[in-house]
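Understanding the architecture of this molecule
One letter stands for each residue in the lines below.
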Amino acid sequence: SSDLAALLESGRYDRHLRHMRAMYARRRGVLIDALARHAPGVRLTGLAAGFHAVAQLPDAADERAVVAAARERSVGLYGMSRYRATRAAAPPQLVLGFGNVSERAAGSGIAAVADLLR
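For clarity, every value in this text was computed on a predicted model and none was experimentally measured.

1. Side note on the overall build of the chain
The secondary structure content of the chain amounts to four helices and four strands. Counted from the first residue to the last, the chain has its helices and strands arranged as α-α-β-β-α-β-β-α. Relative to the 2.2 N^0.38 estimate, which gives 13 Å for 118 residues, the radius of gyration of the chain is 17 Å and therefore markedly larger than a compact globule would have. For the chain, the spread of C-alpha atoms along the three principal axes comes to 55 × 35 × 25 Å. Sorting the 118 residues of the chain into buried and exposed places 36% on the buried side. Within the chain, contacts between residues at least 6 apart in sequence are counted, and of these 59% link residues at least 24 apart. For the chain, the exposed area adds up to about 7300 Å²; of that, 54% sits on carbon and sulfur atoms.

This is how it looks when you write it as structure tokens:
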């Protein structure tokens, strides 16, 4: 615990937290901007905290088909059905993780699947 105390006292831990918060905020911003530019009809929720956002697809969208087509383009999206107890694919939603995706990859990933989201 002395290592932790030294880390806290030195201020490095605070700097690290500030750096990480800023990095995730930038990634979140890139995701929001890319969706606004390429798929303005898609509403995002769940962005206030955490490393994931939920994209609300149009009601007629086929969630599983969008996920499968994105995979073919090497873009990893997850359907919300995977996280539901019932596995239901309605309403069609995508879970977008940005915690471990670079800003460039997030932007280009959305651009690559924008036509699927419309």
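Back to the text.
2. Looking at a nonpolar patch on the surface
Taken together, the side chains of Leu4, Leu8 and Tyr13 define a hydrophobic patch exposed on the protein surface, amounting to about 280 Å² of accessible area. Inspection of the secondary structure assignment puts tyrosine 13 in helix 2 (residues 12-38).

3. Structural notes on a positive patch on the surface
Together, Arg12, Arg15, Arg18 and Arg21 line one region of the surface with positive charge. Relative to the assigned elements, arginine 21 resides in helix 2.

Definitions and cut-offs
Residues numbered from 1 in each chain as written. Predicted model: local features only at pLDDT ≥ 70, side-chain atom pairs only at ≥ 80, totals over all residues. Heavy atoms only, no water. Helix = DSSP H or I, 4+ residues; strand = E, 2+ residues; numbered from the N terminus. Rg over C-alpha atoms; globule rule 2.2 N^0.38 Å. Buried < 20%, exposed > 50% of the residue type's maximum accessible area, 1.4 Å probe, protein only. Contact = heavy atoms within 4.5 Å. Areas by Shrake-Rupley, 256 points an atom, 1.4 Å probe, with all protein chains shown as cover. Patch = residues over 30% accessible without salt bridge, like charges linked within 9 Å, V, L, I, M, F, W, Y side chains within 5 Å. Salt bridge = Lys/Arg side-chain N within 4 Å of Asp/Glu carboxyl O. Lys, Arg positive; Asp, Glu negative; His and termini not counted. Charge placed at Lys NZ, Arg CZ, Asp CG, Glu CD.

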